[in-house]
Amino acid sequence: MTTVRYAPSPTGRLHLGNARPALMNWLFARANAGRYILRLDDTDTARSTEAFARGIEQDLNWLGITPDFKVRQSDRTALYDAARDRLIASGRLYPAYETEEELDGKRARARLLGRPPVYDRAALKLTPEQIAKYEAEGRKPHWRFRLDGRPVAFVDLIKGPQTVNTASMSDPVLVRADGTYLYTLPSVVDDIDLGITHVIRGEDHVSNTGNQTEIFEALGGAVPTFAHHNLLTGAEGEGLSKRIGSLSLMELREAGYEPMAVAAVAVLTGTSLPVEPYPDLAAMGQAFTLDAVSHGSARFDPAELASLNTRMLHQMPYEAARARLVALGLDSEPLWLALRGNLSVFSDIADLATLVSGPVTPVVANEDRDYLATARDLLPAEPWDETTWSKWTEALKAATGRKGRALFHPLRLALTGREQGPELRSLLPLLGRRASLARLS
Ligand code: GLU
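This one's a predicted model, so the numbers in the text were calculated from it and none came from an experiment.

The rules we used
Residues numbered from 1 in each chain as written. Predicted model: local features only at pLDDT ≥ 70, side-chain atom pairs only at ≥ 80, totals over all residues. Heavy atoms only, no water. Axes fitted to C-alpha atoms, helices over the stretch in contact; angles between N-to-C directions. Helix = DSSP H or I, 4+ residues; strand = E, 2+ residues; numbered from the N terminus. Parallel < 35°, antiparallel > 145°, perpendicular 65-115°, else oblique. Contact = heavy atoms within 4.5 Å. Nonpolar A, V, L, I, M, F, W, Y, C, P; charged D, E, K, R; others polar. Polar contact = N/O pair within 3.5 Å; in protein donor to acceptor, adjacent residues only side chain to side chain. Salt bridge = Lys/Arg side-chain N within 4 Å of Asp/Glu carboxyl O. Buried < 20%, exposed > 50% of the residue type's maximum accessible area, 1.4 Å probe, protein only. Arc of directions from axis to C-beta. Core = buried A, V, L, I, M, F, W, Y, C linked by side-chain atoms within 4.5 Å. Near = heavy atom within 4 Å. Areas by Shrake-Rupley, 256 points an atom, 1.4 Å probe, with all protein chains shown as cover. Pairing = 2+ DSSP bridges. Right-handed = clockwise from strand over helix to strand, strands pointing away.

Caption draft 1: Spatial organisation of the packing of helix α1 (residues 16-31) against helix α9 (residues 259-268). Direction vectors running N to C along α1 and α9 enclose 85°, while the axes themselves pass 8 Å from each other. One finds that α1 runs roughly perpendicular with respect to α9. In this structure, α1 uses Leu16, Ala19, Arg20, Leu23, Met24 and Leu27 to contact α9, whose residues at the interface are Val262, Ala263, Val265, Ala266, Val267 and Leu268. Residue classes in the contact of α1 with α9 are distributed as 11 nonpolar, no polar and 1 charged.

Below you can see the structure in the form of structure tokens.
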């Protein structure tokens, strides 16, 4: 069965860039009738918090993602320990005693000599006496995985055939000197244990795929299929900055963005598909496939998010808005249809609805007093509908000779007290004759 995982670290709130793999995995799982696992990569106990873990689930739910099940790496240490011991027994994991300063020194010397700063495997040549000396000094080893150092080839579902040559990489540290695990090994162990078939993640992980493939094989696990997507960047190709895209999903939610607008921007930016509204993730999943993801950049434009959000609201059918209208005590289809075209964010509806329910302070210029008196006299008899506005203003035009802005604008100012707003054609029947008359007076 197709099984994917989304694997954030609960060390902060999710932002737009994190929503991309979260959603791509979800769409892929649903398209393949597969399973979606939320894996919390919380081996960094100093920075992981319960509050961030809860926040991640809230944010995923808001986007429309409901994981089929959840695991936490902090619950699974025994599995990692067993894998570690197997790798030690098979000679693939070896102790290294260098301190951070010593490693820094080695890297600096390599740079001076114009060599790549690849770990020199000095630890493999330590004699038992040297090891005994380090141990006597109280040094604790960290543990490195001995890479084969070979071209690791795989067919990426997004990027096509790839080769990562592990010969140019340092043997990765899998276990810290304090016995805790870095991300690399637990990720592989979990992928094997949970039967992950597809790993969909950012292209910053391509080189990890090289050394993780070696670890999968060293542990005798099935290597999943990989798909590495381009990362969302700012307009200049820079990492998402504080100013724009590092906006957390929580902040975007609080700013009133529709989850489907955020989802469309997070997934469809940097693909061959247009960034356009979809009513829900199921509909987006009909259009999205991994091979639509571009090999080039994925530049996020905040203006696009805002305009997409507006378009979604302006087209939103009453049925889709209904539950939220009920919650605001504004459940009326004609009201929704009259006002939706003026929303930037959904919550604007509460303010706009006061144009109907009042109180409204009519604005009347002195030179328009006579005009408004005529307007009152010509107000059509009820029942009112969408044609009332044009009947009324046609009659007013004939009676006063006014046209264009001079004809319409004083009516808007008197009826709504505002320079701009929803179309009066739709507003008028909601207002009714009595309220209109009162405002015109
Ligand atoms: N916790 C890792 C990250 O957020 C997961 C990467 C992966 O999908 O393997 O980068």
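Now, onward.
Caption draft 2: Broad picture of the side chain of His228. Turning to its location among the elements, His228 is positioned in strand β10 (residues 225-229). At 2.6 Å, the side chain of His228 and the side chain of Asp156 are in polar contact. For His228, the side chain forms a polar contact with the side chain of Thr209, separated by 2.9 Å. Setting aside its immediate chain neighbours within four residues, His228 contacts Phe154, Asp156, Ile158, Lys159, Arg201, Gly202, Glu203, His205, Val206 and Thr209.

Caption draft 3: The arrangement of the environment of Asp377 in detail. By secondary structure assignment, the location of Asp377 is in helix α15 (residues 369-378). Considered as a pair, Asp377 and Leu437 are 60 residues apart in the sequence and their alpha carbons are 9.2 Å apart.

Caption draft 4: Seen up close, the pattern of salt bridges. As enumerated under the stated definition, the model contains 35 salt bridges in all. Here Arg402 ties to Asp368 by a salt bridge, and the two come within 3.1 Å at their closest N and O atoms. With Arg402 in the loop between α16 (388-400) and α17 (404-416) and Asp368 in the loop between α14 (348-357) and α15, this pair connects stretches of sequence that are 34 residues apart. We classify Arg402 as partly exposed; its relative accessible area is 21%. The closest approach of N and O atoms between Arg425 and Glu386, which form a salt bridge, is 3.0 Å.

Caption draft 5: Inspection of the packing of α16 against helix α18 (residues 424-440) at higher detail. In contact at an axis separation of 9 Å, α16 and α18 are set at 55° when each is read in the N-to-C sense. By the criterion of interaxial angle, the relationship of α16 to α18 is oblique. Residues Thr388, Trp389 and Trp392 of α16 form the contact with α18, whose participating residues are Leu424, Arg425, Leu428 and Leu440. Here the residues of the contact of α16 with α18 sort into 5 nonpolar, 1 polar and 1 charged.

Caption draft 6: Broad picture of helix α12 (residues 318-327). Those residues of α12 lying buried are Tyr318, Ala321 and Leu325. For α12, the angular spread of buried residues about the axis comes to 70°, placing them on one side. Across α12 from its buried face, at more than 90 degrees, point the exposed residues Glu319, Ala323 and Ala327. Structurally, α12 contributes buried residues whose contacts are with α13 (333-339) and α14. Positioned one or two residues after α12, Gly329 has a phi angle of 70°, which is positive.

Caption draft 7: The side chain of Glu258, seen in detail. Residue position: Glu258 is located in the loop between α8 (249-254) and α9. Among the polar contacts listed, one links the side chain of Glu258 to the side chain of Arg324, at a separation of 2.7 Å.

Caption draft 8: Inspection of the nonpolar core at higher detail. One finds Leu16 and Leu23 to be the most contacted residues of the largest nonpolar core, which totals 51 residues. Contributions of two or more residues to this core are made by β1 (3-6), α1, β2 (35-40), α2 (50-63), α8, α9, α10 (281-287) and α11 (302-315). The next biggest cluster of nonpolar side chains, apart from the first, holds 34 residues, and it includes Ala338, Phe346, Leu355 and Leu379.

Caption draft 9: The arrangement of the site of the ligand in detail. By nearness alone, every residue bordering the ligand is listed as Arg5, Ala7, Ser9, Asp41, Tyr183, Ser187, Arg201 and His205. At 2.7 Å, a side-chain N or O of Arg5 approaches an oxygen atom of the ligand. At 2.8 Å, a side-chain N or O of Arg201 approaches an oxygen atom of the ligand. For the ligand, whose accessible area on its own is 290 Å², the fraction buried by protein is 76%. In terms of residue class, the shell around the ligand is made up of 2 nonpolar, 3 polar and 3 charged.

Caption draft 10: Molecular detail of the pairing of strand β9 (residues 198-202). Within β9, 5 of the 5 residues are buried, which leaves the element mostly enclosed by the surrounding structure. One ladder, built from 5 bridges, connects β9 with β10; its direction is parallel. Paired with Gly202 across the strands is His229, a residue of β10. Of the crossover connections in this fold, the one passing from β9 over helix α7 (residues 206-218) to the parallel β10 is right-handed.

Caption draft 11: Inspection of unusual backbone geometry at higher detail. The residue after Gly358, namely Pro359, is reached through a cis peptide bond having omega 0°. When you line up the elements, Pro359 lands in the loop between α14 and α15. In this structure, Pro383 follows Glu382 across a cis peptide bond, with omega equal to 5°. Mapping Pro383 onto the fold places it in the loop between α15 and α16. A positive phi angle, close to 50°, is found at Ala33, a residue other than glycine.

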